[in-house]
Amino acid sequence: MNQVRIAIAGASGRMGRMLIEATLKADDAVLVAAFERPESTFIGKDAGDLVGSSCGVTITSDVAEGLAKADCLIDFTRPEGTLQHLALARAAGCGMVIGTTGFSAEGKAEIAAAARDIPVVFAPNMAVGVNAVFKLLDVAARILNEDYDVEIIEAHHRLKVDAPSGTALRMGEVVAGALGRDLESCAIYGREGVTGERDGQTIGFATVRGGDIVGDHTVLFAGIGERIEITHKSGSRMPYASGSLRAARFLAAHKAGLFDMQDVLGLK
Ligand SMILES: NC(=O)C1=CN([C@@H]2O[C@H](COP(=O)(O)OP(=O)(O)OC[C@H]3O[C@@H](n4cnc5c(N)ncnc54)[C@H](O)[C@@H]3O)[C@@H](O)[C@H]2O)C=CC1
Ligand SMILES: O=C(O)C1=N[C@H](C(=O)O)C[C@H](O)C1
């Protein structure tokens, strides 16, 4: 069996550790490199030690050298880190799975440009269940159409730095697309003071941050006399890691191109 050679950026992060664990457990993938920032106290440590089983891969900040051994870089870091890694992956001809959220429009354009040379899966949520929910939202929005007010509520742990979550924003894009609206012009990110009555064309977002909530998302369609709520709740980060490995295997069959998890799961 040809094993996919995986490099992981942000190795000591919440997702980095989960990805190391998932890769070490997979029969068809092998961990070949693990990266951290130069100032990290984890540099020089065995990546496997982060999940309780040494594996002989030393955490390094030399991304270019590590990528020379890899088929795919899985990156869950921060936009600025991901974009630096992207340039190195492009130079090395290495595929990339990008789970990082919070990119500006310019950052997204950089990813699209790099994907002309290397294969990239870029998705705000790698979990199969969330990607199923994206499809359900499209169907629900088309059926309910203009008669229901749409509000998107998300909750995450206290350490999350971007808001609304990438997943909530994608949910907004799916619903807006189904209703023929442009999310950029119809999104309302929070309300305060005398806001006036609700404009039926808007899509509202509400963000909750606290404790160790892994990730909850609800899309509420509020009508007259009834409400529909479509909810996904994450109990673990492992579905994100398993989905990322699935994306890495998918990339092995592609030379270049920008994909998301809907492509990986055959949902388009
Ligand atoms: N697409 C998906 O399915 C999911 C996406 N995420 C996203 O992944 C990202 C990371 O999430 P967590 O693991 O919870 O964060 P975290 O804070 O636990 O880990 C981030 C890691 O990236 C490293 N890092 C930060 N800035 C860097 C830079 N400039 N260069 C290189 N490395 C850098 C940190 O040292 C750390 O190891 C976030 O954007 C989050 O929203 C998280 C879970 C699922
Ligand atoms: O930061 C997180 O934790 C998560 N981030 C992603 C997002 O912003 O949507 C995915 C998931 O919700 C967990």
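Remember, predicted model here, so these are calculated numbers, not experimental data. (Residues numbered from 1 in each chain as written. Chains lettered and ligands numbered in written order. Predicted model: local features only at pLDDT ≥ 70, side-chain atom pairs only at ≥ 80, totals over all residues.)

> Help me understand the overall build of the protein, please; the structure alone is not making it clear to me.
Along its length, the protein carries 9 helices and 12 strands. Within the protein, the fraction of its 268 residues that count as buried is 41%. Sequence-distant contacts, at least 24 apart, represent 70% of the contacts inside the protein between residues at least 6 apart. (Helix = DSSP H or I, 4+ residues; strand = E, 2+ residues; numbered from the N terminus. Buried ≥ 20, exposed ≤ 12 C-beta atoms within 10 Å, placed from the backbone. Contact = placed C-beta atoms within 7 Å.)

> Any chance you could explain the pairing of strand S1 (residues 4-9) here in plain terms?
Along a regular strand, successive side chains alternate from one face of the sheet to the other. The buried count for S1 comes to 5 of 6 residues, which makes it a mostly enclosed element. Across 6 bridges, S1 lies against strand S2 (residues 29-35) in parallel orientation. Considered in S2, the bridge of Arg-5 is made with Val-30. Between S1 and its parallel partner S2, the chain crosses via helix H1 (residues 14-25), and the hand of that crossover is right-handed. With 4 bridges joining them, S1 and strand S4 (residues 72-75) adopt parallel strand pairing. Its bridge partner being in S4, Ile-6 is matched across the sheet by Cys-72. (Pairing = 2+ DSSP bridges. Right-handed = clockwise from strand over helix to strand, strands pointing away.)

> Please explain the site of ligand 1 as it appears in this structure.
The environment of ligand 1 is formed by 25 residues, the closest being Gly-10, Gly-13, Met-15, Gly-81 and Gly-99. Of the residues contributing to the shell around ligand 1, the split by class is 7 nonpolar, 13 polar and 5 charged. (Near = placed C-beta within 6 Å. Nonpolar A, V, L, I, M, F, W, Y, C, P; charged D, E, K, R; others polar.)

> What should I look at first to understand the environment of Asp-212 in this one?
Mapped onto the elements of the fold, Asp-212 is located in the loop between strand S9 (203-209) and strand S10 (215-222). Taking the C-alpha atoms as reference points, Asp-212 and Gly-102, separated by 110 residues in sequence, lie 20 Å from one another.

> Mind showing me how you'd approach the sheet that holds strand S5 (residues 95-98) here?
Whenever strands of a sheet pair, they do so through backbone hydrogen bonds, lying parallel or antiparallel. Taken together, the 7 strands give an open sheet; going across it, the order is S3-S2-S1-S4-S5-S6-S12, and neighbouring strands pair in parallel fashion. Sheet topology places strand S3 (59-60) and strand S12 (257-259) at the edges, where each strand pairs with a single neighbour. Both S4 and S5 contribute to a ladder of 4 bridges, which runs parallel. Bridge pairing links Asp-75 to Ile-98 in S5. Sheet contacts for helix H3 (residues 79-92): S1, S4 and S5; angle to S4, the most-contacted strand, approximately 175°. Contacts from helix H4 (residues 105-114) reach S5, strand S6 (119-122) and S12, with the element oriented near 145° to S6. (Axes fitted to C-alpha atoms, helices over the stretch in contact; angles between N-to-C directions.)

> What exactly am I supposed to notice about helix H5 (residues 128-144) here?
A turn of α-helix holds 3.6 residues, and therefore any two residues three or four places apart point the same way. A rise of 1.5 Å per residue sets the reference length of H5, with its 17 residues, at 24 Å; its end C-alpha atoms lie 24 Å apart and thus fit the reference within 8%. Those residues of H5 that are buried lie in contact with helix H6 (166-178), S10, strand S11 (227-234) and helix H9 (261-264). Count one or two residues on from H5 and you reach Asn-145, which has phi positive near 55°. (Expected span 1.5 Å × (residues − 1).)

> Whenever I open this one, the UniProt feature "binding site: NADP(+)" (unreviewed entry) in the protein confuses me. Can you help?
When the UniProt feature table is mapped onto this chain, "binding site: NADP(+)" (unreviewed entry) is found at Arg-37. With respect to the helices and strands, Arg-37 occurs in the loop between S2 and S3. On the basis of neighbour count, Arg-37 is assigned to the partly exposed category, with 14 C-beta atoms found within 10 Å. (UniProt positions renumbered as here; feature names shortened; annotations may be inferred.)

> What am I meant to see in the packing of H5 against H6 here?
Packed helix pairs are specified by the crossing angle of their axes together with the interaxial distance, meaning the distance between the axes. Axis separation between H5 and H6 bottoms out at 8 Å; the angle between their running directions is 30°. Overall, the two elements H5 and H6 adopt an arrangement that is roughly parallel. The crossing of H5 and H6 is right-handed. Here Val-130, Phe-134, Leu-137, Asp-138, Ala-141 and Arg-142 of H5 come into contact with H6, specifically with Thr-167, Arg-170, Met-171, Val-174, Val-175 and Ala-178. (Parallel < 35°, antiparallel > 145°, perpendicular 65-115°, else oblique. Left-handed = near helix turned anticlockwise from the far one by under 90°.)

> Is there a simple way to explain the site of ligand 2 in this structure?
Taken together, Thr-101, Pro-124, Asn-125, His-156, Lys-160, Ser-165, Gly-166, Thr-167 and Gly-215 make up the full set of residues adjacent to ligand 2. Considered class by class, the residues forming the shell around ligand 2 number 1 nonpolar, 7 polar and 1 charged. Domain assignment of the residues forming the shell around ligand 2 places at least three in each of domain 1 (4-126 + 237-264) and domain 2 (128-234). (Domains from an automatic or database assignment.)

> When you look at H6 in this model, what are you seeing that I'm missing?
In this model, H6 (13 residues) spans 18 Å end to end at C-alpha, consistent with the 18 Å of a helix rising 1.5 Å per residue. Looking at H6, one finds that the buried residues are Thr-167, Ala-168, Leu-169, Arg-170, Met-171, Gly-172, Val-174, Val-175 and Ala-176. Against H5, strand S7 (149-156), helix H7 (183-186), strand S8 (187-189), S9 and S10 lie the buried residues of H6. Once H6 ends, the next one or two residues include Gly-180, with phi positive near 70°.

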